[in-house]
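Examination of the molecular architecture
Chain by chain, the residues run as shown.
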Amino acid sequence: MAALVAVVIWGFFAIPLRLISDYKSEDILYYRVFISLVITWIVILTFRLKYLRKNIEDLRADSRKERKRLIWLTIFAGFLITGNWFTYIYAVNEVSLTSAAFAYMVCPLITAIGGFFILKERLSGLQLLALGLAVISIIVLSQGSAKEVLWSVLIASLYAFYLIIQRVMGKVDKLVMLGIHLLIATLVILPLFLADFQALPADLHFWLIIILISVVFTIVPLFLSLYALIGMPSSTLGIIIYLNPIVAFGVAFFYFHEGINSHQLYAYTMLAIAVVVFNWSTIKELVKRPVE
C-alpha cells in the first residue's frame, strides 16, 4: 500500500503544477527546492540525526580516494536531479503532460541501458529485445512530435543517470542524500534566483501550492517508498513504479482533456509491451509467489 500510494501521488503531480502554470517554470523550481530543503533538513535533524552521524563517520573512515569519489558523485547527482526537476516542470507547463508522462515510462529502460554500459550489469536476451522495442517506440513517437520525444528523453535521461549514481552510493541514507542534493540544487540555482529576483510572490495561493508540492509530492512519497522497501523487494517496487505514467496519462486525457494522436497511441502501446517483456521474469516470479 505504501508503494502504491507513493506512485499514485506522483502520477497526480501535474495537477498542482498546472494550478500555478502562470508562474515561470524557473520560479516554481526555485521555491520548490528552497521549501523542500528547509522541510527535509528539519525532518533529518529531528528524526534521522543518527543516520546523518553514521554517514559522516563512514565518510571519515573511507580512504581519501573514496571520499573524493563520493563527493564528486554527490555533486553530479545534485546537478542531475535539479535538471530533472526543471525539465519536468517545464514540460508539464510548456510542452505537454503526455511528454512528461512518457519520460517516466522511458526512464527505467534508459536506466537499464546505462547500467549495462556503465555498471556492466548483465541483461538477458529478452531484456535486450525489450530495449529494442523501446527504441522503436521512441522513433515512432518522434514522427508525431519530435519536440515532445526530445523532452521525454531528456527528462528520462537526467533521472536515469541520477538513479545509476544512487546504485553506486547505496550505503548512504537516502533521506540524508536527498537533503544533500537539495542543498546542492540550492547552491546551483541561487545565483540564477538572485539574478532574476524582483520580489517574493505575494499570492498566498502560490505559496500554498508550493508547500503542497514540497510536502505531498516530494517528501511524503519518498518516505512511503523507503518504508515500502523495508518489507518488499526492490524489483516489486520497480514494477509498481510503472503505474506512475499510467496515472499521469489518465490525468492528461480525462482531467486536462489532452488529445492523444495515433503516433502516440502506437508508441505508448509498444512501450507498454517493452515494459512487460523487460520485466517478464520478475512478473512470473510475482505471479508464482504464494500470498503470505
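Residues numbered from 1 in each chain as written. Predicted model: local features only at pLDDT ≥ 70, side-chain atom pairs only at ≥ 80, totals over all residues. Heavy atoms only, no water.

On to the overall build of the protein. Along its length, the protein carries 14 helices and zero strands. By its C-alpha atoms, the protein is 45 × 45 × 40 Å across when sized along the principal axes. Expressed as a percentage of contacts within the protein between residues at least 6 apart in sequence, the contacts between residues at least 24 apart total 88%. Put simply, the protein shows about 15,300 Å² of open surface, and 69% of that area lies on carbon and sulfur atoms. Within the protein, one finds 22 positive and 16 negative side-chain charges whose respective centroids are separated by 12 Å. (Helix = DSSP H or I, 4+ residues; strand = E, 2+ residues; numbered from the N terminus. Contact = heavy atoms within 4.5 Å. Areas by Shrake-Rupley, 256 points an atom, 1.4 Å probe, with all protein chains shown as cover. Lys, Arg positive; Asp, Glu negative; His and termini not counted. Charge placed at Lys NZ, Arg CZ, Asp CG, Glu CD.)

Taken as a whole and judged by the stated rule, the model has two salt bridges. Residue Asp58 is joined to Lys54 by a salt bridge in which the shortest nitrogen-to-oxygen separation is 3.1 Å. Placement of the pair is Asp58 and Lys54 together in helix α4 (residues 49-61), with a separation of four residues, close to one helical turn. In this structure Asp58 comes out as partly exposed when scored by relative accessible area, which is 25%. The exposure class assigned to Lys54 is partly exposed, which follows from its relative accessible area of 47%. Residue Glu66 is joined to Arg69 by a salt bridge in which the shortest nitrogen-to-oxygen separation is 2.9 Å. Residue Glu66 and its partner Arg69 are both found in helix α5 (residues 64-95); the two are separated by three residues, about one turn of the helix. For Glu66, a relative accessible area of 25% gives the class partly exposed. (Salt bridge = Lys/Arg side-chain N within 4 Å of Asp/Glu carboxyl O. Buried < 20%, exposed > 50% of the residue type's maximum accessible area, 1.4 Å probe, protein only.)

We now examine the nonpolar core. Leu17, Tyr88 and Leu271 are the most contacted members of the largest nonpolar core, which has 75 residues in total. By residue number, the principal contributor to this core is helix α6 (residues 97-117), which donates twelve residues. Here Leu17 is in contact with Ile28, Tyr88, Ile89, Val92, Asn93 and Ile213, once residues within four sequence places are set aside. (Core = buried A, V, L, I, M, F, W, Y, C linked by side-chain atoms within 4.5 Å.)

Taken as a whole, this structure holds 16 aromatic pairs when the rule is applied. Summarising the aromatic geometry, the rings of Phe13 and Phe217 are spaced 5.4 Å apart at their centres and angled 25° between planes, so their arrangement reads as stacked. Placement of Phe13 in the loop between α1 (2-11) and α2 (14-19) and of Phe217 in helix α10 (residues 204-231) is noted, with a sequence separation of 204 residues between them. Take Phe13 and Phe217: they sit in the same class, and that class is buried. Seen from their ring centres, Tyr31 and Phe193 are 5.7 Å apart, and the 90° between their planes marks the pair as edge-to-face. Of this pair, Tyr31 sits in helix α3 (residues 25-47) while Phe193 sits in helix α9 (residues 174-196), and the two are 162 residues apart along the sequence. Each member of the pair, Tyr31 as well as Phe193, is classed as buried. Joined through ring pairs, the aromatic side chains of Tyr23, Tyr30, Tyr31, Phe34, Phe193, Phe197, Phe206 and Trp207 make up one cluster. Over the ring of Phe256 we find Arg18; its NZ or CZ atom is 4.9 Å from the centre of that ring. Lying across the ring of Trp85, Arg32 places its NZ or CZ 4.7 Å from the centre. (Phe/Tyr/Trp six-rings, centres within 6.5 Å; stacked < 30°, edge-to-face > 60°. Lys NZ or Arg CZ within 6 Å of the ring centre and 35° of its normal.)

In this section: the confidence of the model for the protein. Model confidence for the protein is summarised by a mean pLDDT of 83, while 92% of its residues fall at 70 or above. Per-residue pLDDT, averaged within each element of the protein, yields its smallest value for helix α11 (residues 234-241) (59) and its largest for α3 (92). (pLDDT = per-residue confidence, 0-100.)

A separate point is the side chain of His181. Take His181: it is sitting in helix α9. Those residues in contact with His181 that sit more than four places away from it in its chain are Thr74, Ala77, Gly78, Ile81, Tyr162 and Gln166.

Within the fold, Leu183 resides in helix α9. Residue classification places Leu183 among the partly exposed residues on the basis of a relative accessible area of 39%.

What follows covers the environment of Gly132. Assignment of secondary structure puts Gly132 in helix α7 (residues 125-144). Residues Gly132 and Ala274, spaced 142 residues apart in sequence, show a C-alpha to C-alpha distance of 8.2 Å.

Glancing now at the packing of α1 against helix α12 (residues 243-255). Taken N-terminus to C-terminus, the directions of α1 and α12 make an angle of 35°; their axes are 8 Å apart at the nearest point. Here α1 and α12 pass one another in a crossing that is right-handed. From α1, Leu4, Val7, Val8, Trp10 and Gly11 reach across to α12, where they touch Leu243, Asn244, Val247, Ala248 and Val251. The residue makeup of the contact of α1 with α12, split by class, is eight nonpolar, two polar and no charged. (Axes fitted to C-alpha atoms, helices over the stretch in contact; angles between N-to-C directions. Left-handed = near helix turned anticlockwise from the far one by under 90°. Nonpolar A, V, L, I, M, F, W, Y, C, P; charged D, E, K, R; others polar.)

Next up on the list: a nonpolar patch on the surface. Residues Ile113, Phe116, Phe117, Ile118, Leu128 and Phe161 make up a contiguous nonpolar surface patch of roughly 540 Å² in combined accessible area. Per-element tally for the nonpolar patch: the top contributor is α6, with three residues. Within the fold, Phe116 resides in helix α6. (Patch = residues over 30% accessible without salt bridge, like charges linked within 9 Å, V, L, I, M, F, W, Y side chains within 5 Å.)

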